[in-house]
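# Structure assessment
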Amino acid sequence: PRVLALSGGVGGARLAAGLARVLAPEALTIAVNVGDDFEHLGLTICPDLDTVLYTLGGVVHRGQGWGRDQETWHTLDAMRSLGGEDWFLLGDRDLALHLVRRQLLAQGRSLSEVTQDLSRRLDVSHRIVPVTDARLRTRVHTVADGELGFQDYFVRRRCQPAVRALTFEGAEEATLSPGLAEVLADPALSAIIVCPSNPYLSVAPMLAIPALRTALRVTHAPVIAVSPIIGGEAVKGPTAKIMRELGVEPTATVIAELYADFVDCVVVDTCDASRVAGDPRFAVAPTWMRNDDDRFALAQACLDLARQRK
Ligand code: GDP
Ligand code: FO1
Ligand code: CA
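So, a few notes on the structure that sits alongside this text. (Residues numbered from 1 in each chain as written. Chains lettered and ligands numbered in written order. Predicted model: local features only at pLDDT ≥ 70, side-chain atom pairs only at ≥ 80, totals over all residues. Heavy atoms only, no water.)

## As for the overall build of the protein chain
Assigned secondary structure in the protein chain consists of 13 helices and 14 strands. The C-alpha radius of gyration computed for the protein chain amounts to 19 Å, which stays within 12% of the reference 19 Å derived for 310 residues, consistent with globular compactness. For the protein chain, the spread of C-alpha atoms along the three principal axes comes to 60 × 45 × 40 Å. When the 310 residues of the protein chain are sorted by exposure, 56% land in the buried category. For the protein chain, contacts bridging at least 24 residues in sequence account for 70% of all contacts bridging at least 6. Of the accessible surface of the protein chain, which amounts to about 13400 Å², a share of 52% is contributed by carbon and sulfur atoms. The averaged location of the 38 negative side-chain charges in the protein chain is 1 Å from the averaged location of its 32 positive side-chain charges. (Helix = DSSP H or I, 4+ residues; strand = E, 2+ residues; numbered from the N terminus. Rg over C-alpha atoms; globule rule 2.2 N^0.38 Å. Buried < 20%, exposed > 50% of the residue type's maximum accessible area, 1.4 Å probe, protein only. Contact = heavy atoms within 4.5 Å. Areas by Shrake-Rupley, 256 points an atom, 1.4 Å probe, with all protein chains shown as cover. Lys, Arg positive; Asp, Glu negative; His and termini not counted. Charge placed at Lys NZ, Arg CZ, Asp CG, Glu CD.)

## Quick notes on the site of ligand 1
As a matter of local geometry, ligand 1 sits amid 21 residues, with Ser-197, Ser-202, Thr-239, Thr-287 and Met-289 nearest to it. For ligand 1, an oxygen atom lies 2.8 Å from a polar atom in the backbone of Pro-228. Contact distances for ligand 1 include 2.7 Å between an oxygen atom and a backbone N or O atom of Met-289. Protein contacts shield 93% of the accessible area of ligand 1, which totals 590 Å² for the unbound molecule. Put simply, ligand 1 lies in the largest pocket. Among the elements that line the shell around ligand 1, the one with the most residues is helix H1 (residues 10-22), at four residues. For the shell around ligand 1, the class distribution of residues is eight nonpolar, 10 polar and three charged. (Near = heavy atom within 4 Å. Polar contact = N/O pair within 3.5 Å; in protein donor to acceptor, adjacent residues only side chain to side chain. 1 Å grid on protein atoms, 1.4 Å probe; cavity = no way out; pocket = protein on both sides within 12 Å on 5 of 7 lines; lining within 4 Å. Sits in = over half its atoms within 2 Å of the grid points. Nonpolar A, V, L, I, M, F, W, Y, C, P; charged D, E, K, R; others polar.)

## Details of the coordination of the calcium ion (ligand 3)
Distances from the calcium ion (ligand 3) to its protein donors, namely Asp-36 (OD), Asp-48 (OD), Asp-48 (OD) and Ser-202 (OG), fall within the range 2.3 to 3.1 Å. For the calcium ion (ligand 3), the six donor atoms in the first shell make angles of 51 to 147 degrees at the metal, a pattern classed as irregular. Taken in chain order, the donor set of the calcium ion (ligand 3) reads D-x11-D-x153-S. Of this pair, Asp-48 sits in helix H2 (residues 47-56) while Ser-202 is found in helix H8 (residues 199-207), placing the two residues 154 residues apart along the sequence. The two residues Asp-48 and Ser-202 agree in class, both being buried. (Donors = N, O, S within 2.8 Å, 3.2 Å for Na, K, Ca; no water. Tetrahedral: all angles 85-135°; square planar, octahedral: opposite > 155°, others 65-115°.)

## Examining unusual backbone geometry
One non-glycine residue with positive phi stands out, namely Leu-41, at about 55 degrees. Looking at Leu-41, the relative accessible area reads 43%, which means it is partly exposed. With a phi angle near 60 degrees, Asp-123 is a residue other than glycine that sits in the positive phi range. Mapping Asp-123 onto the fold places it in the loop between helix H5 (111-121) and strand E5 (127-130). Taking relative accessible area as the criterion, Asp-123 reaches 71% and is therefore assigned exposed.

## As for the pairing of strand E2 (residues 28-32)
Taken across its five residues, E2 has five buried, putting it largely inside the fold. What you see with E2 is no split at all: Leu-28, Ile-30 and Val-32 on one side and Thr-29 and Ala-31 on the other are buried throughout. Bridge count between strand E1 (residues 2-7) and E2: five bridges; the pairing is parallel. When the bridges of E2 are listed, Leu-4 appears paired with Thr-29. (Pairing = 2+ DSSP bridges.)

## Details of the site of ligand 2
The environment of ligand 2 is formed by 13 residues, the closest being Asp-36, Asp-48, Leu-89, Asp-94 and Gln-151. Within the side chain of Asp-36, an N or O atom sits 2.9 Å from an oxygen atom of ligand 2. Within the side chain of Asp-48, a nitrogen or oxygen atom sits 3.2 Å from an oxygen atom of ligand 2. Calculation on ligand 2 without its partners gives an accessible area of 530 Å², and the protein chains cover 87% of this total. In this structure the site holding ligand 2 corresponds to the largest pocket. Looking at the shell around ligand 2, the elements with two or more residues in it are H2 and helix H6 (150-156).

## Comments concerning H1
In this model, H1 (13 residues) spans 19 Å end to end at C-alpha, consistent with the 18 Å of a helix rising 1.5 Å per residue. Counting buried residues along H1, 10 of its 13 residues qualify, which places the element largely inside the surrounding structure. Summarising the contacts, the buried residues of H1 are in contact with E1, E2, H2, strand E9 (189-194), strand E10 (223-226) and helix H13 (292-309). (Expected span 1.5 Å × (residues − 1).)

## Quick word on helix H4 (residues 92-106)
Across its 15 residues, H4 extends 21 Å between first and last C-alpha, which sits within 8% of the 21 Å expected from 1.5 Å per residue. Buried positions along H4 lie against strand E4 (43-45), H2, helix H3 (74-81) and H5. Two residues or fewer past H4, Gly-108 is found with a positive phi of approximately 95 degrees.

## Focus: the state of the cysteines
Scanning all chains against the criterion turns up zero disulfides. Counting only cysteine sulfurs, Cys-195 is the nearest neighbor of Cys-46, a cysteine outside any disulfide, at a range of 18 Å. Judged by relative accessible area, Cys-46 falls into the buried class, the value being 0%. Looking at Cys-159, it has no disulfide partner, and the nearest cysteine sulfur is the one in Cys-46, 19 Å off. Residue Cys-159 is classed as buried on the basis of its relative accessible area, which comes to 8%. (Disulfide = S-S within 2.5 Å.)

Following this line, the structure appears as structure tokens:
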């Protein structure tokens with residue numbers, strides 16, 4: 001059996017780490033959003049890929065969910081004293097990864113190849129691939145501040161501007177990364193798990209690649225999505241805020257509608273069981289991942305559901 005997980009950053013990485021504990025390295029491919037990527041200080045920053053890499057490599061900053069553990073900030077401090085840009089927090093160890101990535105990309109390697117290299121160097125044995133090697137950039141259209149680049153919206157402005165719409169530059173022309181295309185074409189593919197990532201900021205940019213959405217619609221593998229909304233709120237981050245700004249209620253029902261054309265089952269948290277009772281689109285499981293055991297249990301529950309829906 002082979003499993004594909006689609007992941008954004010922090011929320012996605014948590015379930016991906018659970019799946020990596022259940023499945024052998026060759027049985028799991030994690031395809032990661034690149035809509036958040038941007039060029040900064042001459043470096044290519046890939047926050048969601050790095051969050052998944054650091055999480056599976058066991059070196060993520062646990063409290064934050066992104067960035068590295070045991071981080072130090074000498075470079076950023078020195079940059080600040082020189083009048084350099086310091087709104088985007090790149091620690092010393094994180095910068096080291098970015099310098100290595102810069103060099104590998106400058107040698108003409110694709111983002112997939114670079115990610116595979118970095119995975120090996122971080123002792124990550126499960127396969128992590130970007131959804132695409134093409135340039136794909138999320139643009140945030142706000143009510144009062146016009147059109148913003150993703151990190152300008154997310155980090156610099158702390159998600160404060162109300163969102164009117166999102167567009168995904170380059171998505172229409174993007175082709176799937178070789179690793180993602182390969183797993184989607186594998187007859188042994190037995191489950192696709194859409195991690196509990198932000199549906200608008202993390203999953204939508206991936207689904208905006210026509211080849212991915214089509215593949216999800218036609219695949220014979222069951223597609224299981226985990227809701228990032230628990231009890232009408234996001235566990236973390238702006239998911240619920242954005243849903244309200246876009247005029248929808250933050251519920252798992254809306255998630256099921258967003259994914260309606262390809263999903264077989266949306267997993268909601270036990271605390272939301274009564275909201276979805278009797279609705280065959282949903283399954284119930286504990287989905288709040290507070291520790292490694294929670295991740296492991298949710299990963300197993302998703303794989304069990306996939307087996308039942310086959
Ligand atoms: P980002 O790219 O770093 O913003 O991370 P993702 O898009 O992958 O995940 C963000 C989403 O994860 C948020 O909507 C959270 O509600 C959700 N999330 C975080 N932790 C959990 C969890 O333990 N359980 C569930 N169900 N959702 C979670
Ligand atoms: N998130 C922040 O809120 N502030 C930061 O300064 C910041 C720096 C950063 C550096 C590297 C990295 O891989 C991620 C970083 N993030 C930061 C997180 C990240 O930008 C966001 O979580 C995502 O883009 C949204 O998914
Ligand atoms: Ca993200």
